Structure formats: C-alpha cells, structure tokens
Amino acid sequence: QVQPVESGGGLVQAGGSLRLSCAASGRTFGISVGWFRQAPGKEREFVASIRWSGGATLYADSVKGRFTITRDNAQNTVYLQMMSLQPGDTAVYYCATKRSDFGSYEFWGQGTQVTVAS
C-alpha cells in the first residue's frame, strides 16, 4: 500500500513562505491527494486537494489565494506552496491519499510541523 511521506515543515516568520512536499512510498498515489492540518486543541481540517489524473484542485476558503497545491507525476510527489503565512496557519500538516472519489482518505503520512511566528 502507498505510504505518504511529508517534508518541508519548519519555523517561518509571519508573511513568509514554505513549500511542503509529499512523496509516495511503496506505491503510487490514489485518485486524489489531500493536505490537512491540525492545530493544537483543534480538529484536523482540510486544506487542499488535487486529483492525480487531470490535476483538478480544491482549497479551503482560509487558504485560497495563499496556498497552491501541485503535483509532479514523474516524481510521484505532491507539493503545497504556502505564501503569506500567518500565525493561524501554525499546525501539523498531513498528506493523505485515497483510492476512490466516494471514500474517505485512507493512507496518511506522519505529518510535518509548520510554525509561523508573529
């Protein structure tokens, strides 16, 4: 089965940028790859997703215009470019993939910490 592996998190000042990567280990990604995040004391929330075939994207309203999700089919990797970061973006960011449009995300990475300092 596929195992997403995230990287690229870190500490950044407010207004700064980071790019997260999610590589597929074991097998190729499923039909869709999503980024989620979970801040301390909050539930995990959807950030963005991309369909592996065709590249259609979806974004949470809170990140539209600031975050961009892209994929590299040859490298079997999905990226999340994050711009104009704010302290409210501080969270553990998770990458996940699923095999069906009608199912939930099945395979999850371990997460990468993003901390935005004010």
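Bear in mind that the values here come from a model prediction, so they are computed numbers and not experimental data.

**Student:** Tell me about the overall build of the protein, and name the residues and values.
**Tutor:** The secondary structure content of the protein amounts to zero helices and 11 strands. Secondary structure elements of the protein occur, N-terminal to C-terminal, as β-β-β-β-β-β-β-β-β-β-β. Rg of the C-alpha trace for the protein: 13 Å, near the compact-globule value of 13 Å for 118 residues, within the 12% margin. Here the protein holds 118 residues, and the buried ones make up 44% of them. In the protein, once contacts between residues fewer than 6 apart in sequence are set aside, the share between residues at least 24 apart is 53%.

**Student:** Would you mind going over the state of the cysteines in detail, with residue names and values included?
**Tutor:** Within the structure shown, the criterion is met by one disulfide. Between the sulfur atoms of Cys22 and its disulfide mate Cys95 the distance is 2.0 Å. Since a negative S-S torsion denotes a left-handed disulfide, the Cys22-Cys95 link at about -80° is left-handed. Taken together, the positions of Cys22 in strand 3 (residues 18–25) and Cys95 in strand 9 (residues 91–98) put the pair 73 residues apart, joining distant regions of the chain.

**Student:** Could you give an account of the layout of surface pockets, with specific residues and numbers?
**Tutor:** Of the pockets and cavities examined, the largest pocket occupies roughly 150 Å³. Looking at the lining of the largest pocket residue by residue, the class counts come to three nonpolar, four polar and two charged.

**Student:** So, the pattern of salt bridges: which residues are in play, and what are the values?
**Tutor:** For the structure on display, the rule yields six salt bridges. Overlapping salt bridges bring together Arg37, Glu45, Arg66 and Asp89 as one network.

**Student:** Describe in detail the environment of Ala91, supporting the description with residues and values.
**Tutor:** Considering the arrangement of structural elements, one finds Ala91 in strand 9. With 24 residues separating them in the primary sequence, Ala91 and Phe67 have C-alpha atoms 15 Å apart. Apart from residues lying up to four places away in sequence, Ala91 is in contact with Arg37, Gln38, Ala39, Thr112, Gln113 and Val114.

**Student:** A description of the packing of aromatic side chains should follow, citing residues and the corresponding values.
**Tutor:** With the rule as written, the count across this model stands at five aromatic pairs. Judged by centre distance (6.5 Å) and plane angle (65°), the rings of Tyr105 and Trp108 are edge-to-face. Overall, the relative accessible area of 23% leaves Trp108 in the partly exposed class. A cation sits over an aromatic face here: Arg44 above Trp108, 3.7 Å from the ring centre. The ring of Tyr105 has Lys98 sitting right over it, with the charged end atom 4.8 Å from the ring centre.

**Student:** Could you give an account of the pairing of strand 5 (residues 45–51), naming the residues involved and the relevant values?
**Tutor:** One ladder, built from six bridges, connects strand 4 (residues 32–38) with strand 5; its direction is antiparallel. By the bridge assignment, Arg37 is partnered in strand 5 with Glu45. Linking strand 4 back to strand 5 in an antiparallel pair, the connection comprises six residues, with Gly41 at a positive phi of about 75°. Looking at chain direction, strand 5 and strand 6 (residues 57–59) are connected through three bridges and run antiparallel. Bridging across to strand 6, Ala48 finds its partner in Tyr59.

Cut-offs applied
Chains are numbered independently. Their residues run from 1 in the order of the written sequence. Per-residue local features of the predicted model are confined to residues with pLDDT of at least 70, and side-chain atom pairs are confined, for both listing and counting, to 80 or more; whole-chain, interface and lining totals are unaffected and use all residues. Heavy atoms from the whole structure form the basis of all side-chain values; hydrogens and water molecules are not counted. Numbering goes from the N terminus for both helices and strands, where a helix is a DSSP run of H or I of at least four residues and a strand is a run of E of at least two. Between the two quantities, the radius of gyration covers C-alpha atoms and the globule rule is 2.2 Å times the number of residues to the power 0.38. Exposed residues in this analysis have more than 50% of their type's maximum accessible area, buried residues have under 20%, and partly exposed residues fall in between, with area computed by a 1.4 Å probe over protein chains only. The contact criterion used is simple: two residues touch if any of their non-hydrogen atoms lie within 4.5 Å. Cysteine sulfur atoms that pair up within 2.5 Å are treated as a disulfide. Cavity means a closed set of points on a 1 Å grid over the protein atoms alone, one where a 1.4 Å probe fits but cannot get out, pocket means an open set with protein on both sides within 12 Å along at least 5 of 7 lines, and lining means a residue has an atom within 4 Å of a point. Grid points are joined across faces, edges and corners, and a volume is the space filled by probe spheres set on the points. Amino acids are sorted into nonpolar (Ala, Val, Leu, Ile, Met, Phe, Trp, Tyr, Cys and Pro), charged (Asp, Glu, Lys and Arg) and polar (every other residue, Gly among them). We define a salt bridge as a side-chain nitrogen of Lys or Arg found within 4 Å of a carboxyl oxygen belonging to Asp or Glu. Geometry of aromatic contacts follows a simple scheme: Phe, Tyr and Trp rings, the Trp one being its six-membered ring, pair when their centres are within 6.5 Å, and the pair is stacked under 30 degrees between planes, edge-to-face over 60, tilted otherwise. Charge over a ring is defined by NZ of Lys or CZ of Arg lying within 6 Å of the ring centre and within 35 degrees of the ring normal. We call two strands paired when DSSP finds no fewer than two bridges between them.

Fair warning: the whole summary comes from geometry, so function is off the table for now.
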